[in-house]
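Residues per chain are reported as follows:
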Amino acid sequence: MKKADKKTSLQRQKKQELIDSLAKEFSAAPSIYLLDFQKITVVQDNALRLNLRKKGIVYKAAKNRLVREALKKANIVGLDSYLKGATSIMLGNEEDPMLPAREIVEFHKASPDILKAKGISLDNSALKGSELENLAKMPGKKEILGQIISLMLSPGANLIALIKGPGSKIAGQIKALEEKLETAK
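Predicted model, so just to flag it, every value in this text is computed and none were measured. (Residues numbered from 1 in each chain as written. Predicted model: local features only at pLDDT ≥ 70, side-chain atom pairs only at ≥ 80, totals over all residues. Heavy atoms only, no water.)

Asks: I keep staring at the overall build of the chain and nothing clicks. Help me out?
Replies: In terms of helices and strands, the chain carries six helices and five strands. Listed by position from the N terminus, the elements making up the chain come as α-β-α-β-α-β-α-β-β-α-α. Looking at the chain as a whole, 32% of its 185 residues are labelled buried. Looking at the chain alone, contacts between residues at least 24 apart form 79% of all its contacts between residues at least 6 apart. A total of about 12400 Å² of accessible surface is found on the chain, and carbon and sulfur atoms cover 59% of it. (Helix = DSSP H or I, 4+ residues; strand = E, 2+ residues; numbered from the N terminus. Buried < 20%, exposed > 50% of the residue type's maximum accessible area, 1.4 Å probe, protein only. Contact = heavy atoms within 4.5 Å. Areas by Shrake-Rupley, 256 points an atom, 1.4 Å probe, with all protein chains shown as cover.)

As structure tokens, then:
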């Protein structure tokens, strides 16, 4: 095998490994955010990456062709039309698939023209990047579970209060009557 052929073969192998790795990450992620990162500076990008890493959010850039192949391999549809220009990717996790949306909105407060959402896949449903604000307003998994638990417990608490209320009045009247009878003796 010629030296040029070996180099080409290694490049293909590396690209295929990257596609496989991306496809695996895409399959495991409940949400995928495709972003335009053209105007971001190196300082902003490094600060963003550090912040996202602390919160467990995967953020990376890859060539559109490789992302397209990885999406196809992961059976994720509807995002191909957003793969134009410089593209970076954020992946939501099972705990809070909307966390990347909130982080992007927070980033926009300091730099509104940078890191625009192109397209979003949420549980394999494609959304336009303009839906980012709505997703950011949605509560996370913990908040939803807290709301459900409080809704489940509130009828029981109300029932106990209803039962306890009249019962305590009767108990108070019985006690008063008992005290009255004792003083009368």
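Asks: Would you take a moment to explain the environment of Thr 41 for this structure?
Replies: With respect to the secondary-structure elements, Thr 41 resides in the loop between β1 (31-36) and α2 (42-54). On a C-alpha basis, the gap between Thr 41 and Ile 114 in space is 9.2 Å, while along the polypeptide they are 73 residues apart.

Asks: Is there a simple way to explain the sheet that holds β1 in this structure?
Replies: Backbone hydrogen bonds are what pair the strands of a sheet, in a parallel or an antiparallel way. Here five strands make up an open sheet; going across it, the order is β2-β3-β1-β4-β5 and the pairing antiparallel. Edge strands, defined here as strands with exactly one partner in the open sheet, are β2 (58-61) and β5 (125-128). Strand-to-strand, the axes of this sheet are offset by a mean angle of 20°, without reference to chain direction. (Pairing = 2+ DSSP bridges. Axes fitted to C-alpha atoms, helices over the stretch in contact; angles between N-to-C directions.)

Asks: I keep staring at the pairing of β5 and nothing clicks. Help me out?
Replies: Consecutive residues of a regular strand have side chains that alternate between opposite faces of the sheet. Relative to β5, strand β4 (residues 116-122) is paired through four bridges, and the arrangement is antiparallel. By the bridge assignment for β5, Ser 121 is matched with Ala 126. Counting the residues between successive antiparallel strands, the hairpin from β4 to β5 contains two residues, one of them, Asp 123, with a positive phi of roughly 50°.

Asks: What is the right way to read the pairing of β1 from this model?
Replies: With five of its six residues buried, β1 lies for the most part within the structure. Of the pairings in the sheet, the one linking β1 to strand β3 (residues 87-92) comprises six bridges and is antiparallel in character. By the bridge assignment for β3, Asp 36 is matched with Thr 87. As paired strands, β1 and β4 are joined by six bridges and run antiparallel to one another. Within β4, the residue paired with Leu 35 across the bridge is Ala 117.

Asks: Before we go on, may I ask you to explain the nonpolar core in this structure?
Replies: Side chains that are nonpolar tend, in soluble globular proteins, to be buried together. Of all hydrophobic cores here, the largest spans 22 residues; its most connected members are Tyr 33, Leu 35, Leu 48, Met 90, Leu 115 and Leu 132. Counting residues per element, this core draws most heavily on helix α4 (residues 99-110), at five residues. (Core = buried A, V, L, I, M, F, W, Y, C linked by side-chain atoms within 4.5 Å.)

Asks: Hey, could you run me through the pattern of salt bridges in this one?
Replies: Side-chain pairs of opposite charge can arise where the charged atoms are in close proximity. Going through the model one piece at a time under the given rule, you end up with seven salt bridges. The salt bridge partner of Asp 96 is Arg 102, with a shortest N-O separation of 2.0 Å. For Asp 96, a relative accessible area of 13% puts it in the buried group. Its relative accessible area of 23% is what places Arg 102 among the partly exposed residues. (Salt bridge = Lys/Arg side-chain N within 4 Å of Asp/Glu carboxyl O.)

Asks: Explain unusual backbone geometry here, please?
Replies: Of note, the phi angle at Asn 75 is positive, near 60°, even though the residue is not glycine. Inspection of the secondary structure assignment puts Asn 75 in the loop between α3 (64-73) and β3. Overall, Asn 75 belongs to the exposed group, its relative accessible area being 59%. Located in the positive-phi region is Asn 124, a residue other than glycine, with phi close to 65°. Note that Asn 124 resides in the loop between β4 and β5. Overall, Asn 124 belongs to the partly exposed group, its relative accessible area being 37%.

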